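As a plain string of letters, each chain reads:
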Amino acid sequence: MILPLRIALSKGRILDDTLPLFAKIGIAPTEEDQRSRKLILNTNREDVQFIIIRATDVPTYVEYGAADMGVVGKDVLVEYGGSSFYEPLDLQIAKCRMMVAALKGEQPQTSVRPRVATKYVNITHDYFARLGIQAEVVKLYGSMELAPLVGLADYIVDLVETGNTLKANGLEATDLVMEVSSRLIVNKASMKMRHQQVTELLSKLRGVVGEE
Ligand code: AMP
């Protein structure tokens with residue numbers, strides 16, 4: 001039997017948008033597994049398995065070869081940094097924008113050192129440095145929108161899809177940091193050692209991307 005090709009996916013938006021893509025190329029988790037809390041999901045194809053992990057862990061699993069492939073947002077990839085895997089395909093799903101936002105109508109002065117709350121510490125440092133602004137970056141793990149409301153930060157850097165979350169909290173986007181979508185990444189050794197399996201999936205996915 002061939003060793004299954006392991007594909008790392010993360011729960012939430014990415015999983016919801018990725019499973020229909022894989023379904024289109026004839027790969028689906030078995031029904032029984034989908035209902036369970038299993039972290040390794042078998043599929044209708046003996047040679048393909050999904051593993052379900054946190055989005056920020058996907059690059060690590062793929063870099064170390066614990067997963068042959070992964071689906072992860074460009075935001076997570078840029079924050080992770082480096083070039084320790086291949087990124088052959090933009091899946092054009094889970095699209096959103098990474099934005100700088102502040103309290104509506106109260107744009108803080110940028111002449112003083114602004115405090116910026118985000119989970120994207122590296123991206124935020126680089127972004128403000130490129131503008132010549134030495135920002136104080138405060139790392140948060142969620143609910144970034146709260147930070148300006150309670151005086152923790154002047155700005156936040158976060159993902160925005162509809163803008164509803166910003167609006168509901170009296171915030172407005174001030175600048176675009178980057179456009180984000182989910183990417184397929186491939187372990188470098190898997191690309192060589194399991195070339196046929198990897199390229200088969202890759203070309204099938206390429207065929208269905210952006211169809212709807
Ligand atoms: P929205 O209210 O539609 O602008 O969505 C904003 C909220 O959803 C923020 O808390 C974001 O962190 C999160 N979000 C938006 N797009 C994505 C995405 N593609 N992946 C993960 N989280 C997202």
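Definitions and limits used
Residues numbered from 1 in each chain as written. Predicted model: local features only at pLDDT ≥ 70, side-chain atom pairs only at ≥ 80, totals over all residues. Heavy atoms only, no water. Near = heavy atom within 4 Å. Polar contact = N/O pair within 3.5 Å; in protein donor to acceptor, adjacent residues only side chain to side chain. Areas by Shrake-Rupley, 256 points an atom, 1.4 Å probe, with all protein chains shown as cover. Pairing = 2+ DSSP bridges. Helix = DSSP H or I, 4+ residues; strand = E, 2+ residues; numbered from the N terminus. Axes fitted to C-alpha atoms, helices over the stretch in contact; angles between N-to-C directions. Contact = heavy atoms within 4.5 Å. Buried < 20%, exposed > 50% of the residue type's maximum accessible area, 1.4 Å probe, protein only. Domains from an automatic or database assignment. Buried area = accessible area lost by both parts, 1.4 Å probe. Salt bridge = Lys/Arg side-chain N within 4 Å of Asp/Glu carboxyl O. Nonpolar A, V, L, I, M, F, W, Y, C, P; charged D, E, K, R; others polar. Core = buried A, V, L, I, M, F, W, Y, C linked by side-chain atoms within 4.5 Å.

Enquirer: Please explain the site of the ligand as it appears in this structure.
Expert: Lining the immediate surroundings of the ligand are Arg13, Ala94, Cys96, Glu145, Asp158, Leu159, Val160, Glu161, Thr162, Gly163, Asn164 and Thr165. The backbone of Ala94 places a nitrogen or oxygen atom 3.0 Å from a nitrogen atom of the ligand. For the ligand, an oxygen atom lies 2.5 Å from a polar atom in the side chain of Thr165. Here the ligand, which alone exposes 500 Å², has 76% of that area covered by the protein.

Enquirer: Please explain the sheet that holds strand 7 (residues 115–118) as it appears in this structure.
Expert: In any sheet, the strands associate via hydrogen bonds between backbone groups, in a parallel or an antiparallel arrangement. If you trace the 5 strands from one edge of the open sheet to the other, you get 8-7-9-6-10, paired in mixed fashion. The open sheet has two free edges, formed respectively by strand 8 (136–139) and strand 10 (171–180), since each of these has just one partner strand. Pairs of neighbouring strands in the sheet enclose a mean axial angle of 30°, with direction left out of account. Across the sheet, helix 5 (residues 121–130) touches strand 6 (96–103), strand 7, strand 8, strand 9 (155–160) and strand 10, and the angle it forms with strand 10 is around 100°.

Enquirer: What's the story with the sheet that holds strand 2 (residues 40–42) in this structure? I'm lost.
Expert: In space, the 6 strands of this open sheet follow the order 2-3-1-4-11-5, with mixed pairing throughout. Across the chains shown, the open sheet's two edge strands, defined by having one partner strand only, are strand 2 and strand 5 (85–90). Neighbouring strand axes in the sheet, compared pairwise and without regard to direction, differ in orientation by 30° on average. The sheet contact formed by strand 5 and strand 11 (residues 182–187) spans 4 bridges and is antiparallel. Paired with Tyr86 across the strands is Val186, a residue of strand 11. Against the sheet, helix 9 (residues 195–208) touches strand 1 (5–10), strand 4 (69–73), strand 5 and strand 11, its axis set at about 25° to strand 5.

Enquirer: Can you walk me through the side chain of Ser190 in this structure?
Expert: As for its position among the elements, Ser190 is in helix 8 (residues 188–193). Residue Ser190 is classed as buried on the basis of its relative accessible area, which comes to 6%.

Enquirer: Where do I start with the pairing of strand 6 in this structure?
Expert: Residues in a regular strand project their side chains so that they alternate between the two faces of the sheet. The element strand 6 is largely enclosed, with a buried count of 6 among its 8 residues. Of the strand pairs in this sheet, strand 6 and strand 10 are connected by 8 bridges, and their pairing is antiparallel. Counterpart to Ala101 in the pairing with strand 10 is Ala173. Relative to strand 9, strand 6 runs antiparallel, the two being bridged by 5 bridges. Bridge pairing links Met99 to Asp158 in strand 9.

Enquirer: Help me understand the domain arrangement of the protein chain, please; the structure alone is not making it clear to me.
Expert: Quoted interface sizes are often the accessible area lost when the parts come together. Its domain assignment divides the protein chain into domain 1 (5–94 + 181–209) and domain 2 (96–179). Tallying the contact residues gives 6 residues for domain 1 and 11 residues for domain 2. Together domain 1 and domain 2 conceal approximately 680 Å² of surface at their shared face, both sides included; 46% is due to carbon and sulfur atoms. Measuring nitrogen to oxygen at the nearest pair gives 2.2 Å for the salt bridge that ties Glu161 to Arg13. Taken together, domain 1 and domain 2 are joined by 5 residue pairs in polar contact (both at pLDDT 80 or more). With 3 residues, helix 4 (residues 74–80) is the largest single contributor of residues to the side of domain 1 that touches domain 2. Among the residues making up the side of domain 1 that touches domain 2, the classes are represented as 2 nonpolar, 1 polar and 3 charged.

Enquirer: Would you explain the nonpolar core in this entry?
Expert: Here is a general trend for soluble globular proteins: nonpolar side chains tend to be buried in one another's company. In this structure, Ile7, Leu9, Phe22, Phe50, Met69, Leu91 and Leu184 are the most contacted members of the largest nonpolar core, which totals 29 residues. Mapped by element, the contributors of at least two residues to this core are strand 1, helix 1 (13–24), strand 3 (48–53), strand 4, strand 11 and helix 9. For Leu184, the contacting residues outside a window of four places in its chain are Met69, Gly70, Val71, Tyr86, Glu87, Pro88, Leu89, Leu91, Leu202 and Leu205. By size, the runner-up hydrophobic cluster in this structure holds 18 residues, among which are Ala102, Val121, Ile123 and Val137.

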